[in-house]
Amino acid sequence: MRNFLFAGLVVAALLPRVADAADGATASVTGGTIAGVEANDVIVFKGIPYAAPPLGDLRWRAPQPVTPWSGTRSAAEFGNDCMQTPVADEAAPLGTAPSENCLFVNVWRPATDAPAGGYAVMVWIHGGGFLNGGASAPIYDGAALARRGIVVVSLNYRLGRLGFFAHPALLAAQPTEAGNFGLMDQIAALQWVQANIAALGGDPGKVTIVGESAGGASVLALLTSPKTAGLFRGAMIMSGGGRQTLISRPMTGGMPEVPASEDGDAAYARTLGIEGNGADALAKLRALPAEALVKDWTLPAMLGAVLGGKPLYDGIPMIDGDTIIDTPQKTFAAGKEQHVPVIVGTTAQDVPVIFPPRTDPLSWFGPDRAAAKTVFDPDDTVPDFPLALTIASDISMHEPARFVARSVTANGEPAWLYRYTYAAQSLPKRLLGASHSQEVPFLFDNVDTRYGNETNDKDREAARQFSGYVVNFVKTGDPNGGGLPNWPKFDAAQFDLMNFTLDDGPVFGADPRAGRIRLVEAAADRPAQ
């Protein structure tokens, strides 16, 4: 009996524990008291509501205040990820079941006493094409970064047609509250951080927003939104575009070549047998099962549509004149973005979203067509579609990242440009370099979670370096420090960047694709005829 009791005590000592207020694992936040879990020098609070569940009449409404709870709410488990149809072979598989009741944040903080003013804060916004993804994915665990002395916050936001919807009946009923509900969620979560992060050990004056893919496009949207003043002091855009990627269609008043969101959403409703623009149509839309709104539209379906020549699609951000005033390109040109330091970059094999003509793609370069042929297809051997894919990656991601760095710098703030080439040693096609989203587990220093027993020390060192730059940036607004190779600020006169190389670590110097990017930049900067 005594041996059994001793064994039980040993097991109990090794398990994470819900602690009391004396050691910082309980806190009072908007809505009530929460109890987190402490383990391995980190306290984590999961599934904290930052807004009311967007159910029933709150579907397609701006996020509403949190409903208070009584007693102490356990924050030991993730809340539901937002409604979606999960896809097979997801790079960041969900850890919870999707639900409309999904507006939760998660917080990791060091278990040690916070410094005066609190720890600097990184807010993570997940990717997934605005159609898939969630904060519960294991590779987004913030514990490793928290152990380096920052607070990490992750958040859920409404996705697809539940997050981005502008049916005419909705516009008629809510003329000042329609369209970009997913971005409204992100802003509400950032406001929650401002109001509550001090109680969780963070400094609300030192918040940096970071996102990849749709999360990167979200950071770009937040950076260029008039609604986000004072909510963050730095931003990191990972594979999020820069000129107009995913943020180019109007909510209303479209044209044949650029149809408005309201037109596409009305056409979608008609496929469900819902006609009209009045209260009856809106009631029928709000009565639909959530599953019906997401079953046909996933990230793979969206990518298939884009590859098939359909550049505009449902369930993405739109220019609504309120949260998003215009394309990022026009907002930067007017100097109306939030003026903060920025890190921006892409992966070696990034995703194509915006395409040149599928036939004779080199014609996109106009008067520079001959020069582009010399760079992209010197031997005249590449068929049109593979050539279009290569050019599209530069148009969609690589040049727009440089464009953001140019714009931020021109408007008076520092920027740092990178390309993430390193790929895990175990990947069969690693010599091609990192593909879209493969840098994320390196950012979170979670490569063992992602690659398991195939992870080796070289992978871990690559993760230590990349995450080290990000932690430095979150703490100080500059990625340099801690013995890492120097990363100079962006200089628009040079085609230089920090390349996280396959075998030589971080190397700053000339962009290996400078010839390509220079031509794309010249074509993109050229006034439309």
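Here is a short report on the structure shown in this document. (Residues numbered from 1 in each chain as written. Predicted model: local features only at pLDDT ≥ 70, side-chain atom pairs only at ≥ 80, totals over all residues. Heavy atoms only, no water.)

Right, let's talk about the overall build of the protein for a bit. Of the regular secondary structure elements, the protein holds 17 helices and 17 strands. Against the globule reference of 24 Å for 529 residues, the protein gives a C-alpha radius of gyration of 23 Å, in line with a compact fold. Its C-alpha atoms put the protein at 85 × 60 × 45 Å along the principal axes. The 529 residues of the protein split such that 56% are buried. The distance from the centre of the 41 positive side-chain charges to the centre of the 54 negative ones in the protein is 1 Å. (Helix = DSSP H or I, 4+ residues; strand = E, 2+ residues; numbered from the N terminus. Rg over C-alpha atoms; globule rule 2.2 N^0.38 Å. Buried < 20%, exposed > 50% of the residue type's maximum accessible area, 1.4 Å probe, protein only. Lys, Arg positive; Asp, Glu negative; His and termini not counted. Charge placed at Lys NZ, Arg CZ, Asp CG, Glu CD.)

With that settled, consider the packing of aromatic side chains. With the rule as written, the count across this model stands at 23 aromatic pairs. Judged by centre distance (4.6 Å) and plane angle (50 degrees), the ring pair of Tyr-420 and Phe-466 falls under tilted. Taken together, the residues Tyr-420 in strand E15 (residues 415–420) and Phe-466 in helix H16 (residues 457–476) connect sequence positions 46 residues apart. For the pair Trp-487 and Phe-500, a centre-to-centre distance of 5.9 Å together with 80 degrees between the ring planes defines the contact as edge-to-face. Taken together, the positions of Trp-487 in the loop between H16 and strand E16 (496–500) and Phe-500 in strand E16 put the pair 13 residues apart, joining distant regions of the chain. Phe-500 shares its class with Trp-487; the two are buried. Connected via pairs of aromatic rings, a cluster forms that spans Tyr-418, Tyr-420, Tyr-422, Phe-442, Tyr-451, Phe-466, Tyr-469, Trp-487 and Phe-500. The residue whose ring lies beneath Arg-73 is Trp-69, and the NZ or CZ to ring-centre distance is 5.3 Å. Over the ring of Phe-355 we find Arg-358; its NZ or CZ atom is 4.0 Å from the centre of that ring. (Phe/Tyr/Trp six-rings, centres within 6.5 Å; stacked < 30°, edge-to-face > 60°. Lys NZ or Arg CZ within 6 Å of the ring centre and 35° of its normal.)

Within E16, four of the five residues are buried, leaving the element largely enclosed by the surrounding structure. Here three bridges tie E15 to E16, and the two strands are oriented parallel to one another. Of the residues in E16, the one forming a bridge with Tyr-420 is Phe-500. Alignment of E16 against strand E17 (residues 506–510), held across five bridges, turns out to be antiparallel. Opposite Asp-496, over in E17, you have Ala-510 as the bridge partner. Counting the residues between successive antiparallel strands, the hairpin from E16 to E17 contains five residues, one of them, Gly-505, with a positive phi of roughly 70 degrees. (Pairing = 2+ DSSP bridges.)

It is worth spelling out the sheet that holds strand E6 (residues 72–74) at this point. With mixed pairing, the three strands of this open sheet are ordered in space as E2-E3-E6. At either end of the open sheet lies a strand with only one pairing partner, and these are strand E2 (26–29) and E6. Going across the sheet, the axis of each strand differs from the next one's by a mean of 35 degrees, ignoring polarity. Sheet analysis places E2 next to strand E3 (residues 32–35), joined by four bridges and oriented antiparallel. In the strand pairing of E3, Thr-26 is matched with Ala-35. (Axes fitted to C-alpha atoms, helices over the stretch in contact; angles between N-to-C directions.)

A separate point is the side chain of Arg-158. Positionally, Arg-158 belongs in the loop between strand E9 (151–155) and helix H3 (160–163). Within the local environment of Arg-158, its side chain forms a polar contact with the backbone oxygen of Arg-61, the two atoms lying 2.9 Å apart. Of note is the side chain of Arg-158, whose polar atom sits 2.8 Å from the side chain of Asp-185. (Polar contact = N/O pair within 3.5 Å; in protein donor to acceptor, adjacent residues only side chain to side chain.)

A separate point is helix H7 (residues 261–271). By the burial criterion, the buried members of H7 are Ser-261, Glu-262, Asp-265, Ala-266, Tyr-268 and Ala-269. Buried residues along H7 cover an arc of 160 degrees about the axis, so they all sit on one side. Elements that come into contact with the buried residues of H7 comprise H3, strand E10 (164–165), helix H4 (168–173), helix H8 (279–287) and helix H9 (290–294). In the stretch just after H7, Gly-273 is the one whose phi turns positive, near 80 degrees. (Arc of directions from axis to C-beta. Contact = heavy atoms within 4.5 Å.)

All right, on to helix H13 (residues 384–410) then. Between its terminal C-alpha atoms H13 stretches 36 Å, which fits the 39 Å expected from 27 residues at 1.5 Å a residue. Maximal helix bending in H13 amounts to about 40 degrees, located at Ile-395. For H13, the tally of buried residues reaches 19 of 27 residues, placing the bulk of the element in the interior. Once H13 ends, the next one or two residues include Gly-412, with phi positive near 100 degrees. (Expected span 1.5 Å × (residues − 1). Bend = angle between axes of the 7 residues up to and from the residue.)

You will see that Asp-360, though not glycine, has its phi angle at about 55 degrees, which is positive. Although it is not a glycine, Asp-445 sits at a positive phi angle of roughly 55 degrees. For Asp-445, the position within the fold is in the loop between helix H14 (440–443) and helix H15 (447–451). For Asp-445, a relative accessible area of 25% translates into the label partly exposed.

Tracing the chain through its elements places Glu-439 in the loop between E15 and H14. Although Glu-439 is buried, it forms no salt bridge, and the closest oppositely charged side chain is Arg-450 at an N-O distance of 10 Å. For Glu-439, the contacting residues outside a window of four places in its chain are Glu-212, Met-238, Ser-239, Thr-347, Tyr-418, Tyr-420 and Phe-466. (Salt bridge = Lys/Arg side-chain N within 4 Å of Asp/Glu carboxyl O.)

The next subject is the state of the cysteines. Under the criterion given, the structure shown has one disulfide. Between Cys-82 and Cys-102 runs a disulfide, and the two sulfur atoms are separated by 2.1 Å. Its torsion about the S-S bond being 85 degrees, the disulfide of Cys-82 and Cys-102 is classed as right-handed. Here Cys-82 is found in the loop between E6 and strand E7 (104–110), whereas its partner Cys-102 is found in the loop between E6 and E7, with 20 residues between them in sequence. The exposure class of Cys-82 is buried, given its relative accessible area of 1%. Relative accessible area serves as the criterion here: at 1%, Cys-102 is assigned to the buried category. (Disulfide = S-S within 2.5 Å.)

Treat this as a map of the structure, not an account of what it does.
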